[in-house]
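Chain residues, written in single-letter form:
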Amino acid sequence: RKHLNCFLSFSVSPLALGLYTVNAVYGDTIIMPCRLEVPDGLMFGKWKYEMPNGSPVFIAFRSSTKKNVQYDDVPDYKDRLSLSENYTLSIKNARISDEKRFVCMLVTEDDVSEEPTIVKVFKQPSQPEILHQADFLETEKLKMLGECVARDSYPEGNVTWYKNGKVLQPVEEVVVINLQKIVDKSTGLFTMTSSLQYMPTKEDANAKFACTVTYYGPSGQKTIQSEPVVFDVHYPTEKVTIQVLSQSNTIKEGDNITLKCSGNGNPPPQEFLFYIPGETEGIRSSETYTMTDVRRNATGEYKCSLMDKNMMDSTTITVHYLDLQLTPSGEVTKQIGEALPVSCTISSSRNATVFWIKDNTRMQTSPSFSSLQYQDAGNYICETTLQEVEGLKKSKTLKLIVEGKPQIKMTKKTNTNKMSKTIVCHVEGFPKPAVQWTVTGSGSIINKAKETKYVNGRFSSKIVIAPEENVTLTCIAENELERTVTSLNVSAISIPEYDEPEDRNDDNREKVNDQAKLIVGIVVGLLLAALVAGVVYWLYVKKSK
């Protein structure tokens, strides 16, 4: 009975208050027990229902003695009724038209008992659908968004619109909702159609719209929701943006520049005007504009705008460059002792780093030649980079050749075994001179000479001999520039001799110089000591007198 009171509060008229109510689902079987106690002497039981005007319509009869059942010829209930032995009436395939006041009657010879039952039928609507959806919405325009349709409901339901989970309330010229309810005369079921006119804002671009239908069923109020729908919202461009599409943060000469212009409207604009430095008129293009193989004069301010020039954005582009001038460059041939000024001049968009490399070794200082030596020859590279600009690097090469006529210095010494002498021909020159030994007088050629490694234009050729008598040896050095001849007298092996070679290395020379300085220092010190002693002695003698 608590269940009964819940539905009577909204679906039963005051006249039916307190009556027994059966709640049925549309299409199911309605079961109505006869709530009377079976009296003694029962003759038969009957069921009827009441017309709106109160007149009765009998539909079923059951005798208590013969146990037979009879159903009246009522078209709406043909083949739908079933009356049990306890006088419970069942009606198959519940319809909306079954919502009536039914009465159970038990008849004896002396009395007729009646007990009414109210039948309520409920039908859950279909899931609501948003039909006739707008292709798109536009800001500042009130437009039909769609219709929410929920079909076959009983009793009628109520439709509510939602945006992002919040109820949409009607707002004049912004949110306009119209609800229409149509009943099917053949079934008595309701179809609810709620149309929504909506004026969106830019923030509604990703909003989810949905609708629900609220209805009443046997167990109370329920709600069914539609699938959410997102609408494309069109809004005008409010801002234009220009950007540089580049794989690197910096741009150098020879690169390609692609500019992209975009507007924040929906749909986005498809055409723009691009303004290039040095050009007075805008260049009409799609959202991108590309310049190939740019030069340094492409540095400047770039702009883009909508076709009506209403909105504009700008950006500044710097095209980095790096120039290197090496003087002299390429292959240069100079004579030993000559001067050679070298300059490496840099012109760049930013401060550049410059360094020199000689024969694959990095130099600490820039090369400077006031008097060229053979060791100055080699491959020089002047290289410069812009560290902040990827891939911007320049270099030029100077191949320096230092030439010189052959220069000869001959030395001799007796070997420690006293059995031979070593004669050395020290040669300088470039290209490398060819050396030949001869014995003066006889003109014979000595082929057993050994040469040292040719380094910095210098090498030595030596022979070992054991002359039985004095001889004169000749060293001949010849290159493309000149032929040089030098002779040296060598005594017989029995006469020891030694020549100090002039080309000892600097360390030996420094040692000799240090020894000489030490000897001079000692001599000077002794002289000063003698002078001091003499003065002291003279003073002593004078004082004694």
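Before reading further, recall that the structure is shown in the block above.
Cut-offs and rules
Residues numbered from 1 in each chain as written. Predicted model: local features only at pLDDT ≥ 70, side-chain atom pairs only at ≥ 80, totals over all residues. Heavy atoms only, no water. Disulfide = S-S within 2.5 Å. Helix = DSSP H or I, 4+ residues; strand = E, 2+ residues; numbered from the N terminus. Core = buried A, V, L, I, M, F, W, Y, C linked by side-chain atoms within 4.5 Å. Buried < 20%, exposed > 50% of the residue type's maximum accessible area, 1.4 Å probe, protein only. Domains from an automatic or database assignment. Contact = heavy atoms within 4.5 Å. Pairing = 2+ DSSP bridges. Axes fitted to C-alpha atoms, helices over the stretch in contact; angles between N-to-C directions.

Asker: Got a minute to help me understand the state of the cysteines in this structure?
Answerer: Cysteine pairs can be covalently joined through their sulfur atoms, and such a bond is termed a disulfide. All told, the structure shown has 5 disulfides when counted by the stated rule. Across the disulfide from Cys34 sits Cys104; the S-S distance is 1.9 Å. The S-S bond linking Cys34 to Cys104 shows a torsion near -90°; that makes this disulfide left-handed. Residue Cys34 is found in the loop between strand 2 (30-32) and strand 3 (44-50), and its partner Cys104 is found in strand 8 (residues 101-107); the two are separated by 70 residues along the sequence. One disulfide in the model links Cys261 with Cys304; its S-S distance is 1.9 Å. Across the S-S bond linking Cys261 and Cys304, the dihedral sits near 65°, which makes this disulfide right-handed. Of this pair, Cys261 sits in strand 23 (residues 257-263) while Cys304 sits in strand 27 (residues 300-305), and the two are 43 residues apart along the sequence.

Asker: Honestly, the nonpolar core in this entry has me stumped. Any pointers?
Answerer: The tendency in soluble globular proteins is for nonpolar side chains to be buried as a group. Grouped together as the largest cluster of nonpolar side chains are 52 residues, with contacts concentrated most on Met32, Trp47, Ile59, Leu89 and Phe102. Taken together, domain 1 (21-122) and domain 2 (129-234) each give at least three residues to this core, which thus spans both. Not counting residues within four places of it along the chain, the set of residues in contact with Met32 comprises Val22, Trp47, Tyr87, Thr88, Leu89, Ile91, Phe102, Thr117 and Val119. Residues Cys261, Val294, Tyr302 and Met311 belong to the second largest nonpolar core, which totals 18 residues.

Asker: I would appreciate a short explanation of the side chain of Ser305 in the present structure.
Answerer: Within the fold, Ser305 resides in strand 27. Residue Ser305 is classed as buried on the basis of its relative accessible area, which comes to 0%. If we ignore the near neighbours within four places in the chain, the residues touching Ser305 are Cys261, Phe272, Leu273, Tyr275, Met311 and Met312.

Asker: Looking at this model, I keep getting lost on the sheet that holds strand 26 (residues 288-291). Mind explaining?
Answerer: One key point about sheets: their strands pair by backbone hydrogen bonds, in either a parallel or an antiparallel sense. Taken in spatial order, the 3 strands line up as 21-23-26 in an open sheet, and their pairing is antiparallel. In this open sheet, the two edge strands, each paired with only one partner strand, are strand 21 (240-245) and strand 26. Strand-to-strand twist in this sheet, taken as the mean axis angle between neighbours without regard to direction, amounts to 20°. Note: strand 21 against strand 23, 6 bridges, orientation antiparallel. Its bridge partner lying in strand 23, Val240 is registered against Gly263.

Don't take any of this as a statement about function, it's just geometry.
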